[in-house]
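Structural description and commentary
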Amino acid sequence: MTQTEDKITLSTEDTPLVPMEKIVSLSKRRGFVYPNSEIYGGVSGIYDFGPLGVELRNNIRRYWWWSMVQTNDNVVGIEGNIITHPRVWEASGHVENFVDRLVECKNCKRRFRVDQLPKENLEQNKCPVCGGELGEPRVFNLMMETYIGVVEGERMKTYLRGEACQNIYLDYDNVQKSSRMQIPFGICQIGKAFRNEVTPGNFLFRQREFEQWDLQFFVHPSEMQKWFDYWRERRFEWYKGIINHKDRLRLRPHGPDELAHYAKQAFDIEYRTVLGWQEWEGIHWRQDWDLSRHSQFSGQDLSYTDPETKERYIPWIVETSGGVDRTFLNLLLDAYEEEPPSGKDKEGRTVLRLHPWFAPVKVAVLPLQKNKEELVTTARDIHKRLQRLMVSQYDDVANIGRRYRRQDEIGTPFCVTVDFQTLEDQTVTVRERDGMTQIRLQIKELPAYLLERVMWNYS
Ligand code: GAP
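This structure is a prediction, so every number in the text was calculated from the model and none was measured.

1. Remarks on the sheet that holds strand S24 (residues 427–432)
An order of S22-S21-S23-S24-S25 is seen for the five strands of this open sheet, with the pairing classed as mixed. What marks the edges here is a single partner per strand, and that holds for strand S22 (392–394) and strand S25 (438–442). Adjacent strand axes in the sheet meet at a mean angle of 25°, parallel and antiparallel pairs treated alike. In the sheet, strand S21 (residues 363–367) pairs with strand S23 (residues 414–418) via five bridges, with the strands oriented parallel. Opposite valine 363, over in S23, you have phenylalanine 414 as the bridge partner. Across the face of the sheet, helix H13 (residues 446–454) comes into contact with S21, S23, S24 and S25 while running at roughly 165° to S23.

2. A short note on the packing of aromatic side chains
The relation between two aromatic rings is expressed through the spacing of the ring centres and the mutual angle of the planes. Within this structure, the stated rule accounts for 23 aromatic pairs. Here tyrosine 47 and phenylalanine 203 contribute two aromatic rings whose centre-to-centre distance is 5.2 Å and whose plane-to-plane angle is 85°, an arrangement assigned as edge-to-face. Here the residue tyrosine 47 occupies a position in strand S4 (residues 47–49), and phenylalanine 203 occupies one in the loop between strand S11 (185–194) and strand S12 (209–219), the gap between them amounting to 156 residues. Exposure remark for phenylalanine 203: the relative accessible area of 8% places this residue in the buried category. A centroid spacing of 5.3 Å and a plane angle of 20° characterise the contact between tyrosine 63 and tryptophan 238, whose relative ring orientation is stacked. Of this pair, tyrosine 63 sits in helix H2 (residues 51–70) while tryptophan 238 sits in helix H7 (residues 224–242), placing them 175 residues apart in sequence. With relative accessibility at 10%, the residue tyrosine 63 sits in the buried group.

3. Description of helix H9 (residues 324–335)
With twelve residues, H9 should cover 16 Å at 1.5 Å per step; its first-to-last C-alpha distance of 16 Å lies within 8% of that length. With twelve of twelve residues buried, H9 lies mostly within the body of the structure. Buried within H9 we find Val324, Asp325, Arg326, Thr327, Phe328, Leu329, Asn330, Leu331, Leu332, Leu333, Asp334 and Ala335.

About the criteria used
Here the residue index of a chain counts from 1 through its sequence in written order. The predicted origin of the model limits local features to residues at a pLDDT of at least 70 and limits the giving and counting of side-chain atom pairs to 80 or more, whereas totals for whole chains, interfaces and linings rest on all residues. Derived side-chain values reflect all non-hydrogen atoms in the structure, with water molecules and hydrogen atoms excluded from consideration. Criterion used throughout: strands pair if DSSP finds at least two bridges between them. Note on conventions: DSSP H or I runs of at least 4 residues are helices, E runs of at least 2 residues are strands, and numbering of each starts at the N terminus. Helix axes use the C-alpha atoms of the stretch in contact, all axes being lines fitted to C-alpha atoms, and the angles between their N-to-C directions lie in the range 0 to 180 degrees. Any two residues whose heavy atoms approach within 4.5 Å at even a single point are treated as in contact. Two rings belonging to Phe, Tyr or Trp (six-membered ring only in the last case) form a pair when the distance between their centres is within 6.5 Å. Interplanar angles under 30 degrees mark stacking, angles over 60 mark edge-to-face geometry, and anything in between is tilted. For every residue, the accessible area obtained with a 1.4 Å probe (protein chains only) is divided by the maximum for its type, and the residue is called buried under 20%, exposed over 50%, and partly exposed between those limits. The span one expects for a helix is its residue count, reduced by one, times 1.5 Å.

Given below as structure tokens:
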């Protein structure tokens, strides 16, 4: 990201791919992400989000909601629950089909998902790490089981949802009637999903508890292709708009052997990191699979009657389903940069070039010296006033260069410094993260100046 005059634009220059360890280390050190239950040794594939992580996640969620729900007249939102009736997962096909096939190397005992093995290893039945012989594939269902009720014998076995979108089909009829939505229309949701992944790993990339965002867009069958193309392009452009490295994004059609059990056609929006090209969001042609199956299993007719033509049909569905956690991870990988020492910065620095909308802290207010009471009082007062408008941090520990660097590392787009001139003319220095340029502003000009640059300005 670069600052030109007063506009912030995303840069397209390429830089080397960031090693995952850098992000894992930054995340823990600065309070973005921690291993869950760490004091007990942790649980593989489960993480917690720290003070900065929760701000970043909320900003990511809010921007998605704004672009998918708030600004579309034909899309509404819901928040369904994690636990549903167990029959939902029979109807959805997950009890039967939501499986991973796994092979274990007889020599090094490493386990691999069959669908992720390189072709030659699969053909030669050879371990990609040690070259040893691979055992027979074993099949694992990914659904996480749980129980409703307390009395033994009366408890009902069900599942933590394996994909968040099922609530949308369950609530479809209620939403359509209560919101008076007519086809074509969409329902959005952001929510947790749970999978007993057989190979969790790569930090947030493959977890056992994670968060998805879904749009399920209901259409007349004759308009399926039009809306499938529309949402595929729109979602691709959306992702392009939030990253610096545009050349690391691509759309890839699924081959017939990759399609999920519910999809007739699918595209992945993929992003390239040290893990290679990997899925960020899936665009699925779900057709009438979901509503037909839920009609059949529940005995409730989920067909739709066109108010004008009176035609009755099961709506077809275009799904766009992405991961909040993968967005979180990809944004960090995309934004992280280690800058060598330069004319402006003698020591070099780590900088997170996050878009100001996503930055967890929008502004840091820094008194030049902490032993000068007037500087401290003025800086604290500015911080208190800005805090009501945006996330602001007050910091008076260490020299000013160190403090700038601390903020660069977490992606804070602006630092406001209160110095001796402030006490004379009520001006402060505003230092911008990317170009490290500095300007002087009147204190009273700060709110408008910062709000325009860091808050949601989506025109
Ligand atoms: N309803 C369709 C569905 O669930 P999916 O491709 O399995 O499709 C959608 O998941 C998105 O959820 C993925 O593109 C990815 O961003 C995210 N996702 C899936 N499994 C994940 C996992 N184990 N950990 C983190 N994110 C995951």
